[in-house]
Amino acid sequence: MTSLIAFLNTVFDVILAPFGHRLAAFDLLIWPVAAGIAALLVYKKVSNQKGIAAAKNGIQVHLLEIVLYKDDLVGVLVSTARAMAQNGLYLGYNLGPAVVMMPPMTAVLVELVAHYAYAPLPADATPLLEVTMAPGRASKDVTLDVPKGLTVDAGPVATPDGMAVWRLKADAPGDYVVTVKDGADAESKTIAFGGEPRKIPVQRTNTWEAILYPAEAPLPSDSAFQTISTKVPNRELTFFPDGEDGVLGWFFLFSLGSGFLLSKPLGVEL
Amino acid sequence: MSRFEAPPSVAPRHLPPKGGGGVRFGILGGLLTLLAACHPKPPDVPGVFILGVDGMDPVITQRLIDEGKLPNLAKLAKAGGFESLATVNPPQSPVAWSSFVTGMDPGGHGIFDFVHRDPKTYKPISSATPPSTDPTKAIEIGDTYFPISGGAVSNNRGGVPFWDLLEKAGVDTEIYRIPGNYPVPDSGAKTLSGMGTSDMRGGYGVYTWFTDKPIPTKPDGSKLKGDIEVVTVEDFDGDGVVDNVHGTLKGPPDLFHIAPDAEITDNNYLTAGVTFWLDKDRTSIYIQAGDDTALVKEGEWSDWMKVSYEGLPHGVVSYDGMVRFYAKQLKPGAGEDPKGPGFAVYASPVNFVPSNPAQQISTPKTWSEDLSDILGNFYTQGMPEETNALKDGMFDDDDYIRQVALVQQDTRNMMELALARFKGDHDGHGAMTFMYVSDIDLQCHMLWRHGDPKYADAPHHPAWEEKSAAKHKLDIEHMYEHVDSLAGDIIDNLPKGSSFLLMSDHGFQPYTRDVHLNTWLRDNGYLVMKAGKTTGSIPTDDVDWSKTKAYNIGFNAIYLNETGREGQGIVAPADADAVMKAISDKLLAQRDPKDGHVVVRKMARSKDIYSKQREAEAPDLIVGFDIGYGNSDQSTLGEIGTEELTDNTSRWSGNHLMDPDVVPGVIFSNEPLPPAGGYGLLDVTATVLKHFHVDPATGMTGKSIY
């Protein structure tokens with residue numbers, strides 16, 4: 001997973017934010033549209049276009065039967081069942097293409113979220129750094145090294161269920177790298193205070209959730225720590241809710257919209 | 001402590017607030033533009049900005065101006081004017097602000113006291129809502145009650161709020177934290193409810209105190225105003241070191257599991273869990289409440305933390321609240337001394353979340369959400385200062401002042417926003433904004449005992465605490481200075497040509513002696529206890545109504561037990577005047593046995609001083625106490641004790657529930673005030689309406705100052 005995330009980061013860090021992160025609308029428009037078009041072409045290639053057309057036709061025919069013969073109860077029930085069967089067939093035809101398209105679409109979405117969903121902490125914020133230990137590991141001996149310009153404002157509080165928490169304070173805006181240590185194990189984490197919009201790290205983990213937070217490398221699978229995280233503010237996004245919900249909104253609106261609009265010109269049966 | 005709210009920023013009032021709204025504002029923005037085209041055109045006159053400062057006193061203000069401590073107000077007084085402003089009778093905040101809002105006296109708007117009585121049962125009820133005549137009906141399924149009708153609550157205030165008249169005339173009106181506007185009546189203007197807005201429990205500031213120490217008792221033995229949760233500090237991992245505490249926070253009543261006709265008891269509230277983890281040095285705690293977490297050091301407040309209450313399982317019905325925690329003491333292992341070391345964490349009353357309030361707190365309903373999009377979370381409870389904690393002894397003055405600073409910051413953020421929105425696109429033209437400030441009122445109530453800000457030679461207050469007084473004797477002055485700095489912001493940023501009024505609803509006086517009106521009525525034969533009882537209370541049915549002629553519910557109110565009106569009335573209407581005269585004469589003649597001082601300065605019959613619209617609901621007599629005297633909390637709620645007069649040893653040590661002549665408010669204006677003087681609260685309402693060429697509503701009696 002680490003290699004995959006590193007590869008995706010390498011690719012997307014090059015192609016995203018050509019004009020910097022301030023202009024979020026550019027990437028949030030271009031890449032969902034591009035992903036929608038790409039998905040359309042892949043869909044055309046990997047789906048059973050004839051089968052889909054036939055299933056859609058079948059659904060329409062049986063729905064028409066229901067309308068035309070609405071006084072014939074048995075006929076309506078049979079037509080409804082047949083329409084549902086055709087619908088199931090239609091969904092079945094789409095299952096394969098969905099499996100093929102989901103990973104690349106997810107990758108684009110996750111990278112867009114990493115780049116545009118989060119804002120740096122306000123320069124005067126006092127965020128919590130929360131560390132969850134790997135199962136079976138205690139947190140009471142965990143320590144934290146902070147760089148110059150960053151101070152531990154409160155804590156640590158080490159809970160017996162394996163968490164350790166510090167409250168931090170920065171002297172000036174910037175990206176600060178802290179190091180969490182437990183014996184020989186040491187892991188770093190970047191915390192972004194103030195400054196321009198940029199790719200904001202949220203959490204490092206060695207669970208499946210690492211795929212959702214590609215801004216930093218996942219924790220090693222044998223790490224003493226399961227998760228190291230800070231809560232960060234959502235970025236304000238025009239026309240959509242802030243943060244992740246907003247990026248999802250942009251992505252689905254423009255990828256699905258472009259897919260539907262271009263399906264006929266590109267001769268794709270959806 | 002995590003602070004993720006956007007810093008205070010501003011947005012013009014004619015545009016949707018920036019950020020957060022997303023699609024809602026994108027689409028709504030267009031619709032609002034269309035709607036704006038249908039709205040009456042704003043009058044082409046400069047705007048009016050009013051700062052409503054509860055409890056600002058003309059004598060204290062003048063002294064501080066003379067001493068150079070209020071430079072902005074001094075400048076305002078010089079450029080425009082400064083006068084005292086007559087208040088209403090009784091001079092209580094909900095009564096006075098309702099009079100300002102409606103331009104009517106209490107007989108017009110129907111708010112006569114903080115506390116009214118239900119004439120049928122004699123029990124005290126909030127003046128904010130009328131006695132219930134529409135009980136809830138519900139269908140019972142298993143142990144769950146599904147309401148089907150009734151139970152609606154409405155605002156008891158009658159009359160027409162001035163903002164409705166302005167809004168209909170096209171004036172762009174924004175009203176921030178207006179007292180007495182909860183439950184929120186419908187309005188086309190933007191209003192945010194203030195004093196009187198409840199917490200999630202439906203109370204007026206019910207806190208939670210988590211402690212492993214003995215439960216403190218109040219010197220007067222009265223009930224504590226919060227939930228006291230005695231907790232056990234546990235050793236989660238069994239290593240011999242205590243490390244965590246679990247507790248619960250009560251939220252709204254569990255209405256789906258309370259029969260409609262049943263009384264709500266302490267066990268009938270929905271709860272949310274909270275966990276505190278102690279650090280090994282016992283200097284900070286990690287708090288987990290709902291999905292929110294905070295790390296606070298001893299002596300610090302957390303930021304707002306969201307808690308959810310499930311009315312029905314699986315989130316079918318849930319209510320969001322928000323709470324702040326104060327780490328008072330983090331030294332578990334309590335002894336028997338309540339003042340000794342121990343674990344003590346304070347949770348504020350659970351406030352409505354402005355972005356998603358469980359009860360409507362603004363008009364339009366979404367305005368509180370719009371404000372929170374810009375300001376982040378803010379106090380929604382009507383009286384946000386933690387006065388109950390200080391009264392109950394949970395807080396010392398340092399704790400209290402620390403929390404007051406949070407409220408002040410909240411106020412300043414909101415006022416800056418209000419001012420920026422007032423300027424808007426049209427430099428305030430055709431706009432009216434009112435902003436309420438609670439600083440002076442509540443701090444005069446709580447901190448007067450440290451040093452009388454009005455009478456330099458006053459003896460020590462009975463609740464004077466030597467150690468604390470030295471540190472806090474100037475706190476009230478600092479509150480005036482804070483208001484002065486708010487006024488300075490307004491003066492500096494007010495669009496040219498706009499009017500600025502700073503007004504208060506009443507002034508202040510010391511409160512050194514408690515009068516127990518019900519006890520006095522008993523001792524003088526007007527109130528008779530049931531056989532075998534000498535003390536007791538009206539709500540617990542200890543009074544013999546077949547022999548009682550008069551009783552007290554409320555801070556300044558005496559009701560006759562009149563036939564045809566009260567549940568078991570015995571005073572014939574024809575005899576009412578004689579009974580009232582006898583009571584009035586005796587109270588006016590009463591002298592304090594401690595020093596021979598006059599106790600009651602003026603008695604008024606409601607039928608002589610109120611207009612007629614709702615006079616029938618009014619108390620029969622309004623008691624105008626002299627300086628230093630006030631009705632006790634106990635008597636206000638219907639208790640009958642042993643003594644008629646006692647020293648006020650409560651930290652609630654300043655007051656204004658007296659003869660209105662001794663507690664006038666203030667008015668400042670950036671335009672010269674005509675020399676006639678003699679202005680009253682209702683005149684301010686008339687002035688604002690006249691400024692915008694808006695006719696007053698029926699029943700408004702004030703005269704424009706200009």
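### Side note on the confidence of the model for chain B
Keep in mind that low pLDDT regions are not for reading the predicted coordinates in detail. Confidence in the prediction for chain B averages 91 pLDDT; 93% of positions are at 70 or higher. Here residues 1-33 of chain B is a poorly scored stretch, pLDDT under 50, and it has 85 contacts once near neighbours within four places are set aside; other chains count.

### With respect to the packing of helix H2 (residues 24-46) of chain A against helix H4 (residues 73-116) of chain A
Residues and elements named next belong to chain A. Interhelical geometry of H2 versus H4 gives an angle of 170° and a closest axis separation of 10 Å. In terms of their interaxial angle, H2 and H4 are classed as roughly antiparallel. Viewed along their axes, H2 and H4 form a crossing whose handedness is right-handed. On H4, the residues that touch Ala24, Asp27, Leu28, Trp31, Pro32, Ala35, Ala39, Val42, Tyr43 and Val46 of H2 are Asn94, Pro97, Val100, Met101, Met105, Val108, Leu112 and Tyr116.

### Focus on the nonpolar core
Residues and elements named next belong to chain B. By size, the foremost hydrophobic cluster in this structure holds 92 residues, and its most contacted members are Leu51, Phe210, Phe276, Ile285, Phe325, Phe343 and Leu502. Of all the elements, helix H9 (residues 397-423) adds the most residues to this core, at eight residues. Each of domain 1 (49-111 + 163-198 + 359-508 + 663-691) and domain 2 (208-347) accounts for three or more of the residues forming this core. Once residues within four sequence positions are removed from consideration, Phe210 is found in contact with Glu229, Val231, Gly247, Thr248, Leu249, Val274, Phe276, Phe325, Phe343, Ala344, Val345 and Ala347. Ile538, Trp545, Ile583 and Leu657 belong to the second largest nonpolar core, which has 39 residues in total.

### Notes on the interface of chain A and chain B
By a frequent convention, interface size equals the accessible area lost on bringing the separate parts together. The interface is formed by 29 residues belonging to chain A together with 27 residues belonging to chain B. Summed over both partners, the interface of chain A with chain B buries about 2200 Å², with 59% contributed by carbon and sulfur atoms. Area buried by chain A at its contact with chain B is led by Val157(A), Pro160(A) and Arg167(A), which between them contribute 25% of it. Counting every contact that joins chain A to chain B gives two salt bridges. For Lys297(B), the salt bridge identified is with Asp153(A), shortest N-O distance 3.9 Å. Our enumeration of links across chain A and chain B arrives at six residue pairs in polar contact (both at pLDDT 80 or more). Among the elements that line the side of chain A that touches chain B, the one with the most residues is strand E3 (residues 150-159) of chain A, at six residues. For the side of chain A that touches chain B, a count of residues per class yields 17 nonpolar, three polar and nine charged.

### Here we look at the pairing of strand E1 (residues 48-53) of chain B
Residues and elements named next belong to chain B. Burial within E1 is extensive, with six of its six residues counted as buried. Residue alternation in E1 divides its side chains into two sets, Val48, Ile50 and Gly52 and Phe49, Leu51 and Val53, and both sets are buried. Two strands pair when backbone bridges link them, and E1 and strand E21 (residues 431-437) are joined in this way by six bridges, in the parallel orientation. Considered in E21, the bridge of Val48 is made with Met432.

### What about the pairing of strand E11 (residues 244-253) of chain B?
All names here are of chain B. For E11, a buried count of seven out of 10 residues is recorded, marking the element as mostly surrounded by other parts of the structure. Taken together, the eight bridges between E11 and strand E12 (residues 269-278) define a ladder with antiparallel strand orientation. Residue pairing in the sheet places Pro253 in a bridge with Tyr269 of E12.

### Some words on the pattern of salt bridges
Residues and elements named next belong to chain B. For the structure shown, the criterion picks out 52 salt bridges over all chains. Asp397 serves as the salt-bridge partner of Arg449, at 2.6 Å between the closest nitrogen and oxygen. Here Arg449 is found in the loop between helix H10 (439-447) and helix H11 (466-472), whereas its partner Asp397 is found in helix H9, with 52 residues between them in sequence. What makes Arg449 buried here is its relative accessible area of 1%.

### Some details on the packing of H4(A) against helix H5 (residues 243-263) of chain A
All names here are of chain A. Taken N-terminus to C-terminus, the directions of H4 and H5 make an angle of 140°; their axes are 9 Å apart at the nearest point. On the basis of their axis angle, the class for H4 and H5 is oblique. In terms of crossing hand, the pair formed by H4 and H5 is right-handed. Taken together, the residues of H5 that come into contact with H4 (itself represented by Met105, Val108, Leu109, Leu112, Val113 and Tyr116) are Glu244, Val247, Leu248, Phe251, Phe252 and Ser255. Split into classes, the residues belonging to the contact of H4 with H5 amount to 10 nonpolar, one polar and one charged.

### Re a nonpolar patch on the surface
Residues and elements named next belong to chain A. A surface patch of nonpolar side chains, about 450 Å² in accessible area, is lined by Leu4, Phe7, Val11, Val14 and Ile15. On the secondary structure map, Phe7 appears in helix H1 (residues 2-15). Looking at Phe7, the relative accessible area reads 53%, which means it is exposed.

### Considering the domain arrangement of chain B
Residue and element names in this part refer to chain B. With domains assigned, chain B is organised as domain 1 (49-111 + 163-198 + 359-508 + 663-691), domain 2 (208-347) and domain 3 (512-657). One C-alpha centre belongs to domain 1, the other to domain 2; they are set 32 Å apart. If you look at the interface, domain 1 gives 15 residues, while domain 2 gives 15 residues. Of the roughly 1500 Å² buried between domain 1 and domain 2, counting both surfaces, carbon and sulfur atoms make up 61%. On the surface where domain 1 and domain 2 come into contact, there are two salt bridges. One salt bridge in this structure joins Asp396 and Lys328, with 3.5 Å as the shortest N-O distance. Where domain 1 touches domain 2, the interface holds seven residue pairs in polar contact (both at pLDDT 80 or more). Among the elements of the structure, helix H8 (387-391) and H9 are those that each provide at least two residues to the side of domain 1 that touches domain 2. Sort the elements by how many residues they give to the side of domain 1 that touches domain 2 and H9 lands first, with four residues. Its residues assigned to classes, the side of domain 1 that touches domain 2 shows six nonpolar, three polar and six charged.

### Quick look at the environment of Leu270(B)
Residues and elements named next belong to chain B. Along the chain, Leu270 turns up in strand E12. Residues Leu270 and Lys549, 279 residues apart in the sequence, show an inter-C-alpha distance of 42 Å. Not counting chain neighbours up to four residues away, the residues in contact with Leu270 comprise Leu249, Lys250, Gly251, Pro252, Pro253, Asp254, Tyr309, Glu310, Gly311 and Tyr319.

### Observations regarding the packing of aromatic side chains
All names here are of chain B. Going through the model one piece at a time under the given rule, you end up with 33 aromatic pairs over all chains. The interplanar angle of 80° and the centroid separation of 5.6 Å between the aromatic rings of Phe276 and Phe325 together place this pair among those described as edge-to-face. Of the two residues, Phe276 is situated in strand E12 and Phe325 in strand E17 (residues 325-330); the sequence distance between them amounts to 49 residues. The exposure class assigned to Phe276 is buried, which follows from its relative accessible area of 0%. Assessed through its relative accessible area of 0%, Phe325 is described here as buried. Positioned above the aromatic ring of Tyr269 is the side chain of Arg201, whose terminal nitrogen or guanidinium carbon lies 4.1 Å from the ring centre. Between the NZ or CZ atom of Lys391 and the centre of the ring of Trp652, over which it lies, the distance is 4.5 Å.

How each quantity is defined
- Residues numbered from 1 in each chain as written.
- Chains lettered and ligands numbered in written order.
- Predicted model: local features only at pLDDT ≥ 70, side-chain atom pairs only at ≥ 80, totals over all residues.
- Heavy atoms only, no water.
- pLDDT = per-residue confidence, 0-100.
- Contact = heavy atoms within 4.5 Å.
- Axes fitted to C-alpha atoms, helices over the stretch in contact; angles between N-to-C directions.
- Helix = DSSP H or I, 4+ residues; strand = E, 2+ residues; numbered from the N terminus.
- Parallel < 35°, antiparallel > 145°, perpendicular 65-115°, else oblique.
- Left-handed = near helix turned anticlockwise from the far one by under 90°.
- Core = buried A, V, L, I, M, F, W, Y, C linked by side-chain atoms within 4.5 Å.
- Buried < 20%, exposed > 50% of the residue type's maximum accessible area, 1.4 Å probe, protein only.
- Domains from an automatic or database assignment.
- Buried area = accessible area lost by both parts, 1.4 Å probe.
- Salt bridge = Lys/Arg side-chain N within 4 Å of Asp/Glu carboxyl O.
- Polar contact = N/O pair within 3.5 Å; in protein donor to acceptor, adjacent residues only side chain to side chain.
- Nonpolar A, V, L, I, M, F, W, Y, C, P; charged D, E, K, R; others polar.
- Pairing = 2+ DSSP bridges.
- Patch = residues over 30% accessible without salt bridge, like charges linked within 9 Å, V, L, I, M, F, W, Y side chains within 5 Å.
- Areas by Shrake-Rupley, 256 points an atom, 1.4 Å probe, with all protein chains shown as cover.
- Phe/Tyr/Trp six-rings, centres within 6.5 Å; stacked < 30°, edge-to-face > 60°.
- Lys NZ or Arg CZ within 6 Å of the ring centre and 35° of its normal.

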